[in-house]
There are 2 protein chains.
Amino acid sequence: MDEEPPPSDPITELITTYNELNSSVISEITGNISPLEFMRYVARNRPFVFRGGASEWEATQTWNVPELKALLKGQSVNVAVTPKGNADSPTRDGDGELLFVKPCEEHQTFEEFIDFVSQQGVRVATSATSSEKEIRYAQTQNDNLRNEYATLFSHVERDIPWARIALQQVPEAINLWIGNSLSTTALHKDNYENIYVQIIGQKHFALLPPLDYACVNEQELPPASYMRDEDGILKIVKEGGEKVPFATWDPDREGNETVYSKLATPMRVTLMPGDMLYLPALWYHKVSQSCSEEGICCAVNYWFDMEFGGSLYPLCNFARSSGLAVLKT
Amino acid sequence: MDEEPPPSDPITELITTYNELNSSVISEITGNISPLEFMRYVARNRPFVFRGGASEWEATQTWNVPELKALLKGQSVNVAVTPKGNADSPTRDGDGELLFVKPCEEHQTFEEFIDFVSQQGVRVATSATSSEKEIRYAQTQNDNLRNEYATLFSHVERDIPWARIALQQVPEAINLWIGNSLSTTALHKDNYENIYVQIIGQKHFALLPPLDYACVNEQELPPASYMRDEDGILKIVKEGGEKVPFATWDPDREGNETVYSKLATPMRVTLMPGDMLYLPALWYHKVSQSCSEEGICCAVNYWFDMEFGGSLYPLCNFARSSGLAVLKT
Ligand SMILES: O=C(O)CCC(=O)C(=O)O
Ligand SMILES: O=C(O)CCC(=O)C(=O)O
């Protein structure tokens, strides 16, 4: 889209004022952080990266493929399978219709899963069959580190004390993410305060503040899932049910822009093992990853309920409704 | 105005969502408050009253008319003089034009000022001349407690430690307010975090969150001042210069409503001697007062610079521009 954003409408002013008053370079913390310091970031709804904040964790110090295999020996795990590493993401089906496509969820032993993920680099380099090219990602986001992966839980912090004290609550969910560089998590937002901790490999975040709603081109997408056909090939299958409102713009690609997208200045940060990211509630995030030498990427994140009281939530909601209303006309 | 607010436009949704998620009854704190607890209120941009937070201050314990006279003996002070207690307020002139009218500023000895203010109740009851009916209010808002009234400063806290630590700054201004029940401060907002401390008498606040912009009927008012004519009578005199954007709706009176005003649910709080109010940045406030038995009302407030980084300021600005745009059409 080549149109310019309307120069002096309230939405253009909102996005440009924010960008003038806020850097698109992330704040970096080293050493230590207190609950009060953390609360100052929460108050501003601004992210930071805490370099090395988890470098002493047992997980960061000891996890690798053999160690994880030993810890999870014989256990069955839930795996998201997709043809292109696009779990929970806006994807066109064969007819060109844009759908919100969920992954095919399958169970397998942890050993089979981690071998498949870690050896994929080798396999893709050689000639792989279509099922060998599939992308697998353990990403259930259902508090899996205190359930499915409970045997690993003692290797990370139970909660994040500076966040628990500041927010006056324990985490609502603690999630483990294991995949490789072929998985990408599409731009989306969550109603949670998120403390994201890198354990193995790297994660690359592109972040947009919630008031950039008008840039992300939210659309109502029919829900769908990948399912295997009789030959075991993954096919997109539309589901009935309510449409899913979802961002369709990808800050790293042409296409699906709104007139406002060019105003967005994504904040980019790469997490190294032991780094922590505070990803504030309602921020849009797109997440890609790079593997360790063993061919995996592993992270843990803590979701804390966000505060719906106060001004932030109603105002962000207002920016969203206003953006949708203007873009519809 | 009898029109109903549009039922499902984004501004109606903004105001009603906020009211559903936030009580219009103010939070009360007793005992103690830490910087972290304070920061949680700043993060939500929500007011609280800290009952008795300043009850041990020397000011609260010792100030009264004779004591203040002794402390300020012979000193000349700046006094705002108005015919109706309406300093800095939208007022109609003789032609019915709505103006932003500033008070007549005069200098007098503190003794003359405080006698005039404290004896006004008696005077108004008997037949007073028009100049005896004038309302005087010491309200310069220019850091007067560290300048004009510096001899009183050691009787209050230098800063408010829990606010100074949380906000990482010393107060930008500390102001003393001395008047009687005939002065009212019109609904307005400030770009400051405000800690307001009642010393003598009572103050009655009506508070509206910043996102209620569309309720307050902001208009561009020509500036004016009260000036004395040759007979010493206060007259409104229009000034040249830029118009002043100012709220014209009074939550306690009919008139000047917008279609959204009826959605507002003002939060009301009365401060007693020794009480402190946290009045968050950008909140609209209308302030009236009740005298002590001596016929005065006295308060001290601390203004801290607000945070322009983060989401709050751009989003409030957006709610304002959107409200103005909708109301203009
Ligand atoms: O790590 C990922 O792939 C996505 C993380 C994410 O979306 C989250 O933590 O909310
Ligand atoms: O006390 C008053 O009359 C007004 C106080 C006020 O507006 C303020 O503290 O910002």
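Here's what I pulled together on the structure shown here. Computed from a predicted model, the values in this text were never measured in an experiment.

Turning next to the overall build of chain A. From N to C terminus, chain A includes 10 helices and 19 strands. At 20 Å, chain A has a C-alpha radius of gyration in line with the 20 Å of a compact globule built from 329 residues. A total of 329 residues make up chain A; the buried ones form 56% of that total. A fraction of 82% describes how many contacts in chain A between residues 6 or more apart in sequence connect residues 24 or more apart.

It is worth spelling out the site of ligand 2 at this point. All names here are of chain B. The environment of ligand 2 is formed by Tyr137, Trp177, Thr185, His188, Asp190, Asn194, Tyr196, Lys203, His285, Val287, Asn301 and Trp303. Asn194 has a polar side-chain atom sitting 2.9 Å from an oxygen atom of ligand 2. Separating an oxygen atom of ligand 2 from a side-chain N or O atom of Tyr196 is a distance of 2.5 Å. Compared with its free state, where it exposes 300 Å², ligand 2 has 99% of that area covered by protein. Residue assignment for the shell around ligand 2 shows that the elements contributing at least two residues are strand S9 (184-188), strand S10 (192-200), strand S18 (284-290) and strand S19 (297-305).

Superposing chain A onto chain B takes a rotation of 180° combined with a translation of 0.0 Å along the rotation axis, leaving an RMSD of 0.0 Å. Such a combination of turn and shift is consistent with a two-fold rotation axis. Residues of chain A ranked by C-alpha distance from the rotation axis are headed by Ala43 of chain A, positioned 1.9 Å from it. The fraction of interface residues of chain A whose copies in chain B are also interface residues reaches 100%, indicating that both copies meet through the same surface.

This paragraph deals with the nonpolar core. Judged by nonpolar contacts, the single largest core of 108 residues is most densely connected at Phe38, Trp63 and Ile195 of chain A together with Phe38, Trp63 and Ile195 of chain B. Excluding its chain neighbours within four sequence positions, the residues that come into contact with Trp63 of chain B are Glu58, Leu68, Leu71, Leu152, His155, Val156, Leu176, Ile199, Ile200, Cys298 and Val300 of chain B. Ile26, Leu279 and Ala299 of chain A together with Tyr260 of chain B belong to the second-largest nonpolar core, a separate cluster that totals 80 residues.

We now examine the site of ligand 1. Residue and element names in this part refer to chain A. Contacts to ligand 1 come from Tyr137, Trp177, Thr185, His188, Asp190, Asn194, Tyr196, Lys203, His285, Val287, Asn301 and Trp303. One of the side-chain nitrogen or oxygen atoms of Asp190 is found 3.0 Å away from an oxygen atom of ligand 1. Along the lines of polarity and charge, the residues of the shell around ligand 1 split into 5 nonpolar, 5 polar and 2 charged.

A few words on the interface of chain A and chain B. The interface of chain A with chain B comprises 35 residues on the first partner and 35 residues on the second. Summed over both sides, the interface of chain A with chain B buries roughly 3000 Å², with 71% coming from carbon and sulfur. A per-residue breakdown of the area chain A buries against chain B is headed by Arg40, Leu315 and Phe318 of chain A, which together make up 21% of the total. Taken together, the links from chain A to chain B amount to 2 salt bridges. The residue Arg44 of chain B makes a salt bridge to Glu307 of chain A at a minimum N-O spacing of 3.7 Å. At the junction of chain A and chain B, the tally comes to 14 residue pairs in polar contact (both at pLDDT 80 or more). The set of elements that each furnish at least two residues to the side of chain A that touches chain B consists of helix H1 (10-21), helix H2 (35-44), helix H8 (161-167) and helix H10 (312-328) of chain A. Per-element accounting of the side of chain A that touches chain B gives the leading share, 10 residues, to H10 of chain A. Among the residues forming the side of chain A that touches chain B, the class breakdown is 20 nonpolar, 10 polar and 5 charged.

Most of helix H2 (residues 35-44) of chain B sits inside the fold, with 7 of its 10 residues counted as buried. Asn45 of chain B lies just past H2 of chain B and shows a positive phi near 55°.

With that settled, consider H1 of chain A. Residues spaced three or four apart along an α-helix face the same direction, because each turn holds 3.6 residues. Here H1 of chain A spans 16 Å end to end across 12 residues, near enough to the 16 Å set by a 1.5 Å rise per residue. Burial in H1 of chain A covers these residues: Ile11, Thr12, Leu14, Ile15, Thr17 and Tyr18 of chain A. Where H1 of chain A is buried, its residues meet helix H9 (213-216) and H10 of chain A together with helix H10 (312-328) of chain B.

Here is what the cut-offs are and how they apply
- Residues numbered from 1 in each chain as written.
- Chains lettered and ligands numbered in written order.
- Predicted model: local features only at pLDDT ≥ 70, side-chain atom pairs only at ≥ 80, totals over all residues.
- Heavy atoms only, no water.
- Helix = DSSP H or I, 4+ residues; strand = E, 2+ residues; numbered from the N terminus.
- Rg over C-alpha atoms; globule rule 2.2 N^0.38 Å.
- Buried < 20%, exposed > 50% of the residue type's maximum accessible area, 1.4 Å probe, protein only.
- Contact = heavy atoms within 4.5 Å.
- Near = heavy atom within 4 Å.
- Polar contact = N/O pair within 3.5 Å; in protein donor to acceptor, adjacent residues only side chain to side chain.
- Areas by Shrake-Rupley, 256 points an atom, 1.4 Å probe, with all protein chains shown as cover.
- Least-squares fit on C-alpha atoms with pLDDT ≥ 70 in both.
- Core = buried A, V, L, I, M, F, W, Y, C linked by side-chain atoms within 4.5 Å.
- Nonpolar A, V, L, I, M, F, W, Y, C, P; charged D, E, K, R; others polar.
- Buried area = accessible area lost by both parts, 1.4 Å probe.
- Salt bridge = Lys/Arg side-chain N within 4 Å of Asp/Glu carboxyl O.
- Expected span 1.5 Å × (residues − 1).

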